[in-house]
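Notes for the structure review
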Amino acid sequence: MENSEVEVNPAETEDMEVNVTEPVTINDLNTIKEDTNSKHKFVRLPLARVKAIMKKEPNCTMISSDAVFLVTKVTEMFIEFLAKEAVKQVGTRQRKTLMRKDVDNAIESCSPLCFLDGALD
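Just so you know, these numbers come straight off a predicted model, no measurement behind them. (Residues numbered from 1 in each chain as written. Predicted model: local features only at pLDDT ≥ 70, side-chain atom pairs only at ≥ 80, totals over all residues. Heavy atoms only, no water.)

1. Notes on the overall build of the protein chain
A count of helical and extended segments in the protein chain gives five helices and two strands. Across the protein chain, helices and strands are ordered from the amino to the carboxyl terminus as β-α-α-α-α-β-α. Among the 121 residues that make up the protein chain, the fraction classed as buried is 26%. Contacts spanning at least 24 positions in sequence make up 56% of the contacts within the protein chain whose residues lie at least 6 apart. (Helix = DSSP H or I, 4+ residues; strand = E, 2+ residues; numbered from the N terminus. Buried < 20%, exposed > 50% of the residue type's maximum accessible area, 1.4 Å probe, protein only. Contact = heavy atoms within 4.5 Å.)

2. Describing the packing of helix 4 (residues 65-92) against helix 5 (residues 100-109)
Helix-helix packing is described using two parameters, namely the angle between the two axes and the distance between the axes. It is the contact of helix 4 with helix 5, at a shortest axis distance of 8 Å, that shows an interaxial angle of 105°. Comparing their axes, helix 5 and helix 4 come out roughly perpendicular. For the pair formed by helix 4 and helix 5, the contact residues are Leu82, Glu85, Ala86, Gln89 and Val90 on the first element and Asp102, Val103, Asn105, Ala106, Ile107 and Ser109 on the second. (Axes fitted to C-alpha atoms, helices over the stretch in contact; angles between N-to-C directions. Parallel < 35°, antiparallel > 145°, perpendicular 65-115°, else oblique.)

3. Topic: the packing of helix 3 (residues 47-55) against helix 4
In the contact formed by helix 3 and helix 4, the axes pass within 9 Å of each other and the chain directions differ by 100°. Taken as axis vectors, helix 3 and helix 4 run roughly perpendicular relative to one another. Between helix 3 and helix 4, the contacting residues are Leu47, Val50, Lys51 and Met54 on the first element and Ala67, Val68, Phe69, Val71 and Thr72 on the second. Counted by class, the contact of helix 3 with helix 4 contains seven nonpolar, one polar and one charged residues. (Nonpolar A, V, L, I, M, F, W, Y, C, P; charged D, E, K, R; others polar.)

4. Observations concerning the nonpolar core
One finds Phe81, Leu82, Ala86, Val90, Leu98, Val103, Ala106, Ile107, Cys110, Leu113 and Leu116 forming the largest nonpolar core, which totals 11 residues. The set of elements that each furnish at least two residues to this core consists of helix 4 and helix 5. Considering each element in turn, this core owes the most residues, four residues, to helix 4. For Leu82, the contacting residues outside a window of four places in its chain are Val103, Ile107 and Leu113. (Core = buried A, V, L, I, M, F, W, Y, C linked by side-chain atoms within 4.5 Å.)

5. Let's talk about the pattern of salt bridges
Within this structure, the stated rule accounts for four salt bridges. In this structure, Glu76 and Lys73 form a salt bridge, with 3.9 Å as the shortest nitrogen-oxygen distance. Taken together, the residues span about one helical turn, with Glu76 and Lys73 both in helix 4 at a distance of three residues. Relative accessible area serves as the criterion here: at 7%, Glu76 is assigned to the buried category. (Salt bridge = Lys/Arg side-chain N within 4 Å of Asp/Glu carboxyl O.)

6. Let's talk about the confidence of the model for the protein chain
Of all residues in the protein chain, 66% attain a pLDDT of 70 or more, and the chain-wide mean is 76. Confidence, read as mean pLDDT per element, is least for helix 1 (residues 10-13) in the protein chain (46) and greatest for helix 3 (93). In the predicted structure, residues 1-6 sits below a pLDDT of 50 and forms 11 contacts with residues beyond four places in sequence or in another chain. The model gives residues 8-20 a pLDDT under 50, and that stretch makes 13 contacts with residues more than four places away or in other chains. (pLDDT = per-residue confidence, 0-100.)

Written as structure tokens, this is what we have:
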């Protein structure tokens, strides 16, 4: 994998905090589900692509649209959390460029991400 670089402004990320221990309540899900015709407004990843990936599982024969939506939303939240943790690593080194080693350091230093240890090798 090549070193991919992304420009990051540490000043913009200082107030970024994600609480992974905060549970999602039924009310939160109901609020999101109320407008079922515009689910695409609540997600940034393409629902069709996520559904195609989910269908690659041989034991999965039918997938509801709610399941696709929730998997997509959780995936986005995970990517956001990982990115914020990696940006914290950039801020500690006074750089403006996010590099792979920052993601690796975030995985090593953040206990909720420990399951990814070695996954990027």
